[in-house]
Amino acid sequence: MMNIALFGPPGAGKGTQAKELSKYYNIPHISTGDILRYNVREGTELGLEAKVYMDKGELVPDDVLIGLIRNRLTESDCDIGYLLDGYPRTIPQADALTDILDRINKPLDAVINIEVNDEELVKRLSGRRSCACGESYHIMFNPPEKEGICNACGAKLYQRDDDREDVIRQRLAVYNEKTKPLIEYYEDADVLVNVNGADDVDAVFKAICNTMDQFK
Ligand code: ADP
Ligand code: ADP
Ligand code: ZN
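Worth saying up front: this structure is predicted, and the values here are computed from it rather than measured. (Residues numbered from 1 in each chain as written. Chains lettered and ligands numbered in written order. Predicted model: local features only at pLDDT ≥ 70, side-chain atom pairs only at ≥ 80, totals over all residues. Heavy atoms only, no water.)

(A) How the structure looks around the site of ligand 1. Near ligand 1 lie 19 residues; those nearest to it are Thr 32, Arg 37, Glu 58, Arg 89 and Arg 171. The contact in question runs from an oxygen atom of ligand 1 to an N or O atom on the side chain of Arg 89, over 2.8 Å. The biggest single contributor to the shell around ligand 1 is helix α2 (residues 32-42), with four residues. Here the shell around ligand 1 is built from residues that sort into seven nonpolar, four polar and eight charged. (Near = heavy atom within 4 Å. Polar contact = N/O pair within 3.5 Å; in protein donor to acceptor, adjacent residues only side chain to side chain. Helix = DSSP H or I, 4+ residues; strand = E, 2+ residues; numbered from the N terminus. Nonpolar A, V, L, I, M, F, W, Y, C, P; charged D, E, K, R; others polar.)

(B) Fine view of the site of ligand 2. Taken together, 18 residues form the shell around ligand 2, and within it Gly 11, Lys 14, Thr 16, Arg 128 and Tyr 137 come nearest. Elements that contribute at least two residues to the shell around ligand 2 include exactly α1 (14-25) and β6 (136-138).

(C) The arrangement of the pattern of salt bridges in detail. Per the stated rule, a full pass over the model turns up 14 salt bridges. Close ionic contact of Lys 216 with Asp 213 constitutes a salt bridge, the shortest N to O distance being 3.6 Å. In this structure Asp 213 comes out as partly exposed when scored by relative accessible area, which is 32%. Beyond isolated ion pairs, a larger network of salt bridges with shared partners links Arg 128, Arg 160, Asp 162, Asp 163 and Arg 171. (Salt bridge = Lys/Arg side-chain N within 4 Å of Asp/Glu carboxyl O. Buried < 20%, exposed > 50% of the residue type's maximum accessible area, 1.4 Å probe, protein only.)

(D) The arrangement of helix α6 (residues 118-126) in detail. Buried within α6 we find Leu 121, Val 122, Arg 124 and Leu 125. The buried residues of α6 occupy an angular sector of 165 degrees when the element is viewed end-on, so they sit on one face. (Arc of directions from axis to C-beta.)

(E) Expanded view of the coordination of the zinc ion (ligand 3). Within the protein, the atoms that donate to the zinc ion (ligand 3) are Cys 131 (SG), Cys 133 (SG), Cys 150 (SG) and Cys 153 (SG), at distances of 2.2 to 2.4 Å. Coordination at the zinc ion (ligand 3) is tetrahedral, judged from the four donor atoms that bind it and the angles of 99 to 115 degrees they form at the metal. Sequence spacing of the donors to the zinc ion (ligand 3): C-x1-C-x16-C-x2-C. Taken together, the positions of Cys 131 in the loop between β5 (128-130) and β6 and Cys 153 in the loop between β6 and α7 (165-179) put the pair 22 residues apart, joining distant regions of the chain. Of the residues examined, Cys 131 reaches a relative accessible area of 5% and is grouped as buried. (Donors = N, O, S within 2.8 Å, 3.2 Å for Na, K, Ca; no water. Tetrahedral: all angles 85-135°; square planar, octahedral: opposite > 155°, others 65-115°.)

(F) Broad picture of the environment of Gly 8. Locating Gly 8 in the fold gives a position in the loop between β1 (2-7) and α1. For the pair Gly 8 and Pro 61, spaced 53 residues apart in the sequence, the C-alpha separation amounts to 19 Å.

This is how it looks when you write it as structure tokens:
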């Protein structure tokens, strides 16, 4: 059983890595961003509430995320472990997670912190192209085989509303204020592992595998 959280600022490469790691280790990829965007597309009550925050680059309220992640982690596919992507993002979310994981007896093995500097993050986010299936590409750094089309599912790629320059800056500010303190939080819990996220996708993948292999 592997119980892992991928951590890092917006654009660090969490989604890109998580997609590959989930296939490689055969554990479920739980992306709160993907779940929220799915709900926005479907127009659910959750989606309608979340969209207001997401469009502004703000975090969706903790109680909403905590309920969502509790439900997701207690689904049966998580019996073999999980790969969290985009959760937790605040101290209250992390405290709630510890509680949930204690109760289901699946404590975190590692929190993998993907480190990338702000200038590179802005480049990555402003060139990102996304697919509804959860895949993401980059117009320069990781282009799809056919321009504008998802390799994985053939759907048309789109640019996320929150991947515009002004919203990107806001998301990075929110990260620094609310999410970054979790680095120390998980350092203190002795589960934090830093990975250099500035390398190319394959090198970052290998670095993460070095850590995850210990928990196979
Ligand atoms: P990125 O991968 O670029 O960091 P995500 O897809 O993880 O973006 O998240 C997109 C948006 O969804 C966030 O800006 C936020 O509004 C919302 N969101 C996702 N996860 C969380 C969370 N754990 N807590 C609060 N809001 C979240
Ligand atoms: P996150 O989920 O952390 O917000 P993504 O995985 O969506 O980040 O990656 C953000 C953007 O950067 C995407 O356009 C992706 O194709 C690109 N990207 C991801 N990893 C790398 C990398 N190692 N080098 C260059 N670009 C990358
Ligand atoms: Zn796709």
